Amino acid sequence: MTDPAAEPSALENLLSEDRRFPPAPEFVAQANAHRDLYAWAAADRVGFWADQARELITWQTPFTQTLDWSNAPFATWFADGTLNACDNAVDRHVRAGHGDRVALYFEGEPGDTRTITYADLQREVSRAANALQALGVTTGDRVALYMPLIPEAVVAMLACARIGAPHSVVFGGFSAEALHSRILDAEAKLVVTADGGYRRGNPTSLKPAVDEALAKGAPTVEHVLVVRRTGQPVDWTEGRDVWWHEAVAAASDEHTPVPVPAEHPLFILYTSGTTGKPKGVLHTTGGYLTQCAYTHLNVFDLKPDTDVYWCTADIGWVTGHSYVVYGPLVNGATQVIYEGTPDTPDRGRWWDVVAKYRVSILYTAPTAIRTCMKWGDDIPAARDLSSLRVLGSVGEPINPEAWTWYRRVIGGDRTPVVDTWWQTETGAIMISPLPGVTEAKPGSAQVPLPGVAAEVVDDDGTPVPNGSGGYLVITEPWPAMLRGIWGDPDRYVDTYWSRFKHLYFAGDGAKKDEDGDIWLLGRVDDVMNVSGHRLSTTEIESALVSHPWVAEAAVVGASDETTGQAVVAFVILRGDSEGLTRTPAEVEAELRAHVATQIGPIAKPRQILVVPELPKTRSGKIMRRLLRDVAEHRAVGDATTLADQSVMDLIAAGLSSPASAAD
Ligand code: WTA
């Protein structure tokens with residue numbers, strides 16, 4: 001691990017971004033969030049969370065305890081309260097008279113649609129919960145989900161929550177092997193899947209991977225519940241496999257949610273760590289729901305009566321858990337879920353969805369924003385996006401160019417943009433501007449939310465002064481924090497609580513600017529050390545993307561005999577750019593010079609490779625590990641989580657005669 005704090009001068013590029021976007025007075029006047037939230041939380045942080053929990057969540061038994069941190073780093077929140085997550089997300093809205101409100105507008109990739117009200121959702125989850133119980137699932141049993149983004153996926157998660165059976169959603173893009181190891185680790189009793197889903201205009205299959213995973217041996221699995229989505233033929237194991245449309249349709253649409261203690265496990269979600277074995281991040285019920293609801297309400301300024309909210313994440317990722325399922329539904333929001341890819345049948349699909357449903361809040365990832373930038377302004381410009389009023393970003397640092405493009409082209413120069421930092425482990429948003437309160441700085445997640453205590457520290461765990469870089473840590477427990485790693489408490493302590501005493505180490509490098517606002521610099525293992533100078537991959541990527549020729553860039557630190565590490569950049573040129581008419585050597589020279597002027601000669605990439613695509617996971621994260629393999633002329637490692645397996649071949653083909661211009 002490198003120390004991002006040692007060379008603050010190398011990080012000035014991001015911080016020289018001086019555009020400011022104060023909240024518009026009309027927005028301030030109607031905003032949910034107010035500046036006094038900060039004072040309220042600062043005066044009594046734990047009491048503040050208790051107030052949020054009472055206000056936003058319906059408890060079966062009210063809690064009297066708030067935080068218990070006596071067994072740190074194992075926390076309990078609201079431990080003597082009982083509640084049911086599905087009751088909070090569905091039934092209580094029907095009881096409050098909102099049964100006719102739309103919960104889900106489903107847009108299938110082929111163009112099929114479904115509109116599901118809260119009353120419909122209550123009947124569906126009740127049927128599904130009854131069906132799950134009929135299959136032998138009881139409170140505490142684990143259920144694995146391997147599904148496309150269709151309403152049944154949301155229903156299945158909620159049905160598990162309704163009976164207190166923790167779900168473990170495995171992203172549909174993972175292999176049978178990955179699914180198998182996750183089923184084994186969680187000892188799942190049931191697998192819920194579908195025959196397949198639609199992606200890029202074609203049916204993709206899921207059931208065969210479940211069959212393959214179970215054929216490897218999974219003694220705890222008793223049944224597989226299968227949704228028919230595409231109608232493609234599937235193999236069938238009699239006695240084990242059950243059709244959703246038969247079991248669920250036959251079940252009663254009345255079901256009483258099972259109240260569970262606040263610390264009852266709600267779900268396990270596997271995420272990759274630095275070792276090969278994925279970690280089963282464990283979240284519990286009361287604290288998690290409280291922070292999901294609170295952040296969703298304030299960070300997106302949700303007005304449940306009038307907003308149409310759309311988060312583009314898949315339910316296979318934490319963003320899909322917290323900001324497709326639990327946050328929005330607990331708040332009684334109306335939302336869109338879309339099954340497919342942004343370019344099916346054409347590159348305007350997302351903007352067609354926004355226009356069709358009059359989406360007012362959009363939450364997506366920087367990589368998607370940069371892809372849309374690459375496709376050109378004319379595509380969104382041809383659609384009516386006037387319904388949008390808040391835009392959010394998550395998953396990776398958003399470079400100022402993408403941030404300002406998002407606001408200008410998608411947000412009509414009108415909408416706040418919130419850059420939200422958080423992790424699978426944190427469960428909910430931790431650092432973000434508040435719309436209507438914060439003066440926004442493009443590229444910065446800015447401030448811990450009221451109730452969250454974050455710091456940037458040096459190698460010894462001492463807070464750095466403003467203007468300096470270091471490691472991002474969380475200094476106080478928070479309600480949605482992970483409660484551990486499934487089956488491996490030691491790994492929880494080692495991974496997150498050992499680097500710094502009493503501090504949660506997030507694994508990200510960050511810097512505080514002169515105002516104390518936080519700028520995320522990427523994972524610390526993505527911070528490079530070149531000739532003793534610390535450079536951030538993000539910073540150089542940001543510099544490259546600020547060149548008019550460049551649509552996307554990924555930077556890795558490749559080991560170098562002379563300099564320790566050397567900067568190697570992979571860039572995609574814009575479709576209409578002059579760069580396409582130049583030779584690779586000319587492009588490389590131009591961009592190296594550009595980085596030198598943006599940051600300094602030290603940051604000049606040793607090598608810049610023009611590539612047609614970048615290797616990304618389905619969640620849109622660039623797989624820098626694979627690029628490092630290419631940069632270091634190694635055989636490319638495990639690429640099974642790539643969204644598009646052919647990308648590495650394209651890159652390799654384009655690199656058969658790489659130009660190198662080190663000077
Ligand atoms: C990165 C996704 C910069 C960060 C919710 C973190 C971000 C990791 C941001 C967690 C952001 C997420 N700015 N970096 N706004 N949001 N990250 O677990 O490196 O898939 O540690 O959770 O994504 O990724 P995860």
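Please read all numbers here as calculations on a predicted model, not as lab measurements.

*Asks:* Outline the packing of aromatic side chains, listing residues and values.
*Replies:* Taken as a whole and assessed by the stated rule, the structure comprises 32 aromatic pairs. Measuring from ring centre to ring centre gives 5.8 Å for Trp59 and Phe78, while their planes differ by 70 degrees; the resulting arrangement is edge-to-face. A residue pair is termed long-range when its members are at least 10 positions apart, and Trp59 in the loop between helix H4 (45-56) and strand E1 (67-68) and Phe78 in the loop between strand E2 (76-77) and strand E3 (82-83) qualify at 19 residues. Using a relative accessible area of 14% as the deciding quantity, one classes Trp59 as buried. Both rings, one in Phe171 and one in Trp317, keep their centres 4.7 Å apart while their planes meet at 35 degrees; by these two values the pair is tilted. One end of the pair, Phe171, is in the loop between strand E7 (167-169) and helix H8 (176-186); the other, Trp317, is in the loop between strand E16 (308-311) and helix H12 (318-330), with 146 residues separating them in the sequence. The class of Phe171 is buried, set by a relative accessible area of 6%. Judged by its relative accessible area of 21%, Trp317 is partly exposed.

*Asks:* Help me get a handle on the pattern of salt bridges, residues and values and all.
*Replies:* When the charged atoms of two side chains lie near each other, side chains of opposite charge can form a pair. For the structure shown, the criterion picks out 40 salt bridges. Residues Glu187 and Arg142 are paired through a salt bridge, measuring 3.8 Å at the closest nitrogen-oxygen approach. With a gap of 45 residues between them, Glu187 in the loop between H8 and strand E8 (190-194) and Arg142 in the loop between helix H6 (118-134) and strand E6 (143-146) connect regions that are remote in the sequence. The class for Glu187 is partly exposed, based on a relative accessible area of 46%. Of the charged contacts, one joins Asp307 and Arg389 as a salt bridge, the two residues approaching to 2.8 Å between their closest N and O atoms. Residue Asp307 is found in the loop between helix H11 (286-299) and E16, and its partner Arg389 is found in the loop between helix H15 (378-381) and strand E19 (390-394); the two are separated by 82 residues along the sequence. Here Asp307 matches Arg389 in class, with each residue buried. Here the residues in one salt-bridge network are Lys207, Asp211, Arg240 and Asp241, joined through shared partners.

*Asks:* Go over the sheet that holds strand E24 (residues 504-512), please, and point to the residues and values.
*Replies:* The four strands lie next to each other as E21-E22-E24-E25, forming an open sheet whose pairing is antiparallel. The open sheet terminates on both sides in strands that have one partner only, identified here as strand E21 (454-457) and strand E25 (518-523). Here the average twist between neighbouring strands, direction ignored, is 45 degrees.

*Asks:* I'd like a description of the sheet that holds strand E23 (residues 484-485), backed by residues and values.
*Replies:* Across the sheet, which stays open at both edges, the eight strands sit in the order E12-E11-E8-E6-E7-E14-E15-E23 with mixed pairing between neighbours. Both edges of this open sheet fall to strand E12 (241-243) and E23, since each of them pairs with a single strand only. Alignment of E7 against strand E14 (residues 265-271), held across two bridges, turns out to be parallel. Along E14, the bridge assignment pairs His167 with Phe267.

*Asks:* Residue-level account of helix H5 (residues 85-98), with values.
*Replies:* Roughly 40 degrees is the biggest bend found in H5, and it falls at Asp91. Along H5, the residues classified as buried are Ala85, Cys86, Asp87, Asn88, Ala89, Val90, Asp91, Arg92 and His93. Measuring from the side-chain oxygen of the N-cap residue of H5 to the backbone nitrogen of Cys86 gives 2.8 Å; that N-cap residue is Asn84.

*Asks:* Go over the side chain of Asn130, please, and point to the residues and values.
*Replies:* Position of Asn130 relative to the elements: it lies in helix H6. Polar side-chain contacts of Asn130 include one of 2.9 Å to the backbone oxygen of Glu254. Once you skip the residues sitting within four places of it in the chain, Asn130 turns out to touch Ala251, Ser252, Glu254 and His255.

*Asks:* Describe in detail the site of the ligand, supporting the description with residues and values.
*Replies:* Around the ligand sit 16 residues in total, of which Asp419, Thr420, Thr424, Asp508 and Arg523 are the nearest. Between Thr420 and the ligand, the recorded distance is 2.8 Å, taken from a backbone N or O atom to a nitrogen atom. Between the ligand and the protein, one listed contact pairs an oxygen atom with a side-chain N or O atom of Thr424 at 2.6 Å. The protein chains hide 91% of the 530 Å² of surface that the ligand would expose on its own.

*Asks:* Explain the packing of H4 against H11 to me, using residue names and the numbers behind them.
*Replies:* Two elements in contact, H4 and H11, have axes separated by 9 Å at closest approach and are oriented at 85 degrees. As summarised for this structure, H4 and H11 are arranged roughly perpendicular, according to the angle between their axes. In this structure, H4 uses Phe48, Trp49, Gln52, Ala53 and Leu56 to contact H11, whose residues at the interface are Thr290, Gln291, Ala293, Tyr294 and Leu297. Looking at side-chain class alone, the contact of H4 with H11 contains seven nonpolar, three polar and no charged residues.

*Asks:* Pulling in residues and values, what's your account of the packing of helix H3 (residues 36-43) against H4?
*Replies:* Contact geometry of H3 with H4 gives a least axis separation of 5 Å together with a crossing angle of 115 degrees. Contacts between H3 and H4 pair Leu37, Trp40, Ala41 and Ala43 from the former with Arg45, Phe48, Asp51 and Gln52 from the latter. Among the residues making up the contact of H3 with H4, the classes are represented as five nonpolar, one polar and two charged.

*Asks:* With reference to specific residues and values, describe the side chain of Glu541.
*Replies:* In this fold, Glu541 is placed in helix H18 (residues 537-545). A residue is classified by how much of its surface remains accessible, and Glu541, at 10% relative accessible area, is buried. Here Val555 takes part through its backbone nitrogen, which lies 2.8 Å from a polar atom of the side chain of Glu541. Glu541 has contacts with Ala553, Ala554, Val555 and Arg624, leaving out every residue within four places of it along the chain.

*Asks:* Explain helix H19 (residues 584-598) to me, using residue names and the numbers behind them.
*Replies:* Its 15 residues place the ends of H19 21 Å apart at the C-alpha level, agreeing with the 21 Å of an ideal helix rising 1.5 Å per residue. For H19, the full list of buried residues reads Val587, Glu588, Leu591, Arg592, His594 and Val595. Buried residues of H19 fall within an arc of 160 degrees about the axis and therefore sit on the same side. Just downstream of H19 lies Gly600, where phi reads positive at about 145 degrees.

*Asks:* Now, about the pairing of E25: what can you tell me, with residues and values included?
*Replies:* Burial analysis of E25 places five of its six residues in the buried class, the great majority of the element. In this structure, E24 lies alongside E25, joined through four bridges in antiparallel fashion. Each residue of the ladder has a partner; that of Lys511, found in E25, is Trp519. Counted along the chain from E24 to the antiparallel partner E25, the turn is five residues long, and its residue Gly516 has a positive phi close to 85 degrees.

*Asks:* Can you lay out the nonpolar core for me, pointing to particular residues and giving the numbers?
*Replies:* Core analysis: the biggest nonpolar cluster contains 140 residues, and Leu158 and Tyr326 have the highest contact counts within it. Looking at which element gives the most residues to this core, the answer is helix H7 (residues 151-163), with ten residues. Sequence-distant contacts of Tyr326, defined by excluding residues within four places in its chain, comprise Ala85, Met157, Leu158, Ala161, His167, Leu266, Phe267, Tyr288, Leu289 and His321. In this structure, Trp351, Met373, Trp403 and Tyr406 belong to the second largest nonpolar core, which totals 29 residues.

*Asks:* Got a sec to walk through the environment of Val28? Specific residues and values, please.
*Replies:* Among the secondary structure elements, Val28 is positioned in helix H2 (residues 25-30). For Val28, a relative accessible area of 33% gives the class partly exposed. With 485 residues separating them along the chain, Val28 and Asp513 place their C-alpha atoms 25 Å apart. Apart from the residues within four sequence positions on either side, Val28 is in contact with Pro23 and Gly436.

What counts, and at which threshold
- Residues numbered from 1 in each chain as written.
- Predicted model: local features only at pLDDT ≥ 70, side-chain atom pairs only at ≥ 80, totals over all residues.
- Heavy atoms only, no water.
- Phe/Tyr/Trp six-rings, centres within 6.5 Å; stacked < 30°, edge-to-face > 60°.
- Helix = DSSP H or I, 4+ residues; strand = E, 2+ residues; numbered from the N terminus.
- Buried < 20%, exposed > 50% of the residue type's maximum accessible area, 1.4 Å probe, protein only.
- Salt bridge = Lys/Arg side-chain N within 4 Å of Asp/Glu carboxyl O.
- Pairing = 2+ DSSP bridges.
- Axes fitted to C-alpha atoms, helices over the stretch in contact; angles between N-to-C directions.
- Bend = angle between axes of the 7 residues up to and from the residue.
- Polar contact = N/O pair within 3.5 Å; in protein donor to acceptor, adjacent residues only side chain to side chain.
- Contact = heavy atoms within 4.5 Å.
- Near = heavy atom within 4 Å.
- Areas by Shrake-Rupley, 256 points an atom, 1.4 Å probe, with all protein chains shown as cover.
- Parallel < 35°, antiparallel > 145°, perpendicular 65-115°, else oblique.
- Nonpolar A, V, L, I, M, F, W, Y, C, P; charged D, E, K, R; others polar.
- Expected span 1.5 Å × (residues − 1).
- Arc of directions from axis to C-beta.
- Core = buried A, V, L, I, M, F, W, Y, C linked by side-chain atoms within 4.5 Å.

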